Amino acid sequence: AAGVIQSPRHLIKEKRETATLKCYPIPRHDTVYWYQQGPGQDPQFLISFYEKMQSDKGSIPDRFSAQQFSDYHSELNMSSLELGDSALYFCASSSTSGAPNTDTQYFGPGTRLTVL
Amino acid sequence: DQQVKQNSPSLSVQEGRISILNCDYTNSMFDYFLWYKKYPAEGPTFLISISSIKDKNEDGRFTVFLNKSAKHLSLHIVPSQPGDSAVYFCATENSGYSTLTFGKGTMLLVSP
C-alpha cells in the first residue's frame, strides 16, 4: 500500500539559510500534519492542514510556515535556520472519510535536517 | 510539563514471553489513544489504537488496555518476537483537536 512520502530524506543547511521540506500524503488522505523530533525527544506537533486550510497550530516558530496544495501535498518552509532546528521532521496524513482507522495518522519516514 | 509519560525508557524481554509497555497521561480530555512502533531511520508506524469508550482492543499479538480512572494504558505483545525490537511510542489525542501528543518512547529489545 502507498505510504506517506517525504523529501528530501536528508538535508544539510547552514545557519540563517532556508529549507523546504515536502510531504506527499497517502492517496485520498485529506489531512496533513507536521511534527518535529529533536534528539532524544518525542515528536512535537507543529501544524496541520485539512482540505488545504490550516486546521491546528502547535509549537511552530514564526520563522516556519507551511501550506497544503490542491493535490494535497504539503510543504514546510523554514527560514533563518538555527542550530536548534536540527531535528527529524515527520509528516503524517489521515483521512476523514469514515473508513476503518479514520483519523489515524500515518507517518512518513521523516526528513533529517542538520543545521551547521 | 509532559502530558504523556512512558516511565520506562527501555525494556528487555525474551522471545516468546509477554512484553508489557506502559503509558500514563494527565489530561482527562484525551479520548483516543494510539501506539506507534519506530525503527531507526524510519517514521513511526501505527500499531493499534483504542477509544475512551473501550477498555480493551486486540489485534493479533497486540492488545491495548485502557484504565480511564487511573489514566493509564498498556500495550501487551504476546508472544514477543525479535522483530518487535523497536522504540514504542504512546500517543494520545483530544478529538476536538486531532493532534497527537507523544510520550518519550520505550525501547523494547526482544532477545532470541
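Residues numbered from 1 in each chain as written. Chains lettered and ligands numbered in written order. Predicted model: local features only at pLDDT ≥ 70, side-chain atom pairs only at ≥ 80, totals over all residues. Heavy atoms only, no water.

Asks: How would you explain the sheet that holds strand E1 (residues 5-7) of chain A if you had to name every residue and give the values?
Replies: Residues and elements named next belong to chain A. Spatial ordering of the open sheet is given by E1-E3-E8-E7, a layout of four strands whose pairing is antiparallel. Across the chains shown, the open sheet's two edge strands, defined by having one partner strand only, are E1 and strand E7 (64-68). Strand after strand, the sheet turns through a mean of 15° between neighbouring axes, direction not considered. Bridge count for strand E3 (residues 19-24) against strand E8 (residues 74-78) is five bridges, and the pairing is antiparallel. From the neighbouring strand, Cys 23 faces E8, where its bridge partner is Ser 74. (Pairing = 2+ DSSP bridges. Helix = DSSP H or I, 4+ residues; strand = E, 2+ residues; numbered from the N terminus. Axes fitted to C-alpha atoms, helices over the stretch in contact; angles between N-to-C directions.)

Asks: Can you break down the interface of chain B and chain A residue by residue, with the values?
Replies: Of the residues lining the interface, 19 residues belong to chain B; the matching set on chain A comes to 19 residues. When chain B packs against chain A, the two sides together hide about 1500 Å² of surface, and 54% of this comes from carbon and sulfur. It is B:Pro44, B:Phe46 and B:Phe102 in chain B that bury the most area against chain A; as a group they hold 28% of the surface buried on that side. Counting every contact that joins chain B to chain A gives one salt bridge. Residue B:Lys104 is joined to A:Asp42 by a salt bridge in which the shortest nitrogen-to-oxygen separation is 3.1 Å. For the pair chain B and chain A, the interface holds five residue pairs in polar contact (both at pLDDT 80 or more). (Contact = heavy atoms within 4.5 Å. Buried area = accessible area lost by both parts, 1.4 Å probe. Salt bridge = Lys/Arg side-chain N within 4 Å of Asp/Glu carboxyl O. Polar contact = N/O pair within 3.5 Å; in protein donor to acceptor, adjacent residues only side chain to side chain.)

Asks: Which residues make up the state of the cysteines, and what are the values?
Replies: Residue and element names in this part refer to chain A. Evaluation of the coordinates by the stated rule reveals two disulfides over all chains. Here Cys 23 engages in a disulfide with Cys 91; their sulfurs sit 1.7 Å apart. Given an S-S torsion of about -55°, the disulfide between Cys 23 and Cys 91 has left-handed geometry. Here Cys 23 is found in strand E3, whereas its partner Cys 91 is found in strand E9 (residues 87-94), with 68 residues between them in sequence. Like Cys 91, Cys 23 is buried. (Disulfide = S-S within 2.5 Å. Buried < 20%, exposed > 50% of the residue type's maximum accessible area, 1.4 Å probe, protein only.)

Asks: Outline unusual backbone geometry, listing residues and values.
Replies: The step from A:Ser7 to A:Pro8 runs through a cis peptide bond, and the omega angle for that step is -10°. Among the secondary structure elements, A:Pro8 is positioned in the loop between E1 and strand E2 (10-13). The omega torsion across B:Val78 and B:Pro79 is -10°, close enough to zero to call that bond cis. Residue placement: B:Pro79 occurs in the loop between strand E8 (72-77) and strand E9 (86-93). Unusually for a residue other than glycine, A:Arg16 sits at a positive phi of about 75°. Here A:Arg16 is to be found in the loop between E2 and E3.

Asks: Can you tell me about the pairing of strand E4 (residues 31-37) of chain A, naming the residues and giving the values?
Replies: All names here are of chain A. In terms of burial, E4 is a largely internal element, seven of the seven residues being buried. Residues Thr 31, Tyr 33, Tyr 35 and Gln 37 point to one face of E4 and Val 32, Trp 34 and Gln 36 to the other, with burial holding for every one of them. By the bridge criterion, six bridges tie E4 to strand E5 (residues 44-50) in an arrangement that is antiparallel. Bridge pairing links Tyr 33 to Ser 48 in E5. Connecting the antiparallel pair E4 and E5 is a turn made up of six residues, with Gly 40 showing a positive phi of about 70°. Of the strand pairs in this sheet, E4 and E9 are connected by seven bridges, and their pairing is antiparallel. Paired with Val 32 across the two strands is Ser 93, which belongs to E9.

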